[in-house]
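Now for the letters of each chain:
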Amino acid sequence: MPKRLLSGTVVSSNSNKTIVVKVTRRVKHKLYKKIISRSKKYHAHDENNKFKEGQIIQIIECNPISKKKRWKVIEK
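Residues numbered from 1 in each chain as written. Predicted model: local features only at pLDDT ≥ 70, side-chain atom pairs only at ≥ 80, totals over all residues. Heavy atoms only, no water.

A. Inspection of the environment of R26 at higher detail. Structurally, R26 is set in strand 2 (residues 18-28). Given a relative accessible area of 65%, R26 falls into the exposed group. Along the primary structure R26 and I36 are separated by ten residues, whereas in three dimensions their C-alpha atoms are 5.6 Å apart. With sequence-adjacent residues up to four places away left out, R26 is seen in contact with I35, I36 and S37. (Helix = DSSP H or I, 4+ residues; strand = E, 2+ residues; numbered from the N terminus. Buried < 20%, exposed > 50% of the residue type's maximum accessible area, 1.4 Å probe, protein only. Contact = heavy atoms within 4.5 Å.)

Here's what the structure looks like:
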């Protein structure tokens, strides 16, 4: 099974080697057929504490690193 790639905005980078990424996707409402935005936050591993709040980055699925971290940052 291929690993998933997501892109989003860094919301928090206060923790050591961890960032929180907010991924927003647009979906159509089942009943009203209107396009709405859905967002979800993911904890991602940032080895060098390189990324700061507001940056747009890509994350990739990986093996569990800790209780909440299952994503890694892709270097661009």
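B. Layout of the pattern of salt bridges. Enumeration according to the criterion identifies two salt bridges in this entry. E61 is paired through a salt bridge with R4; the nearest N and O atoms lie 3.5 Å apart. Residue E61 is located in strand 4 (residues 56-61), and its partner R4 is located in the segment before strand 1 (5-12); the two are separated by 57 residues in the primary sequence. Among the salt bridges present, the one from E47 reaches K17, with a minimum N-O distance of 3.2 Å. Of this pair, E47 sits in the loop between strand 3 (35-45) and strand 4 while K17 sits in the loop between strand 1 and strand 2, and the two are 30 residues apart along the sequence. For E47, a relative accessible area of 44% corresponds to the partly exposed category. (Salt bridge = Lys/Arg side-chain N within 4 Å of Asp/Glu carboxyl O.)

C. Expanded view of the pairing of strand 4. Looking at chain direction, strand 1 and strand 4 are connected through five bridges and run antiparallel. Each residue of the ladder has a partner; that of S7, found in strand 4, is Q58. Sheet analysis places strand 4 next to strand 5 (residues 71-73), joined by three bridges and oriented antiparallel. Residue E61 lies in a different strand from strand 5, and its bridge partner there is W71. (Pairing = 2+ DSSP bridges.)

D. Structural context of the sheet that holds strand 5. Ordered in space as 1-2-3-5-4, the five strands form a closed barrel in which the pairing is mixed. Averaged over all neighbouring strand pairs, the angle between strand axes comes to 50°, with direction disregarded. In the sheet, strand 3 pairs with strand 5 via two bridges, with the strands oriented parallel. From the neighbouring strand, H45 faces strand 5, where its bridge partner is K72. (Axes fitted to C-alpha atoms, helices over the stretch in contact; angles between N-to-C directions.)

E. Representation of the side chain of K69. Mapped onto the elements, K69 comes out in the loop between strand 4 and strand 5. Within polar-contact distance, the side chain of K69 engages the backbone oxygen of K17 at 3.3 Å. Here the side chain of K69 touches H45 through a polar contact of 3.1 Å, side chain to side chain. The contacts of K69, once residues within four sequence positions are left out, are K17, T18, H43, A44, H45, N63 and P64. (Polar contact = N/O pair within 3.5 Å; in protein donor to acceptor, adjacent residues only side chain to side chain.)

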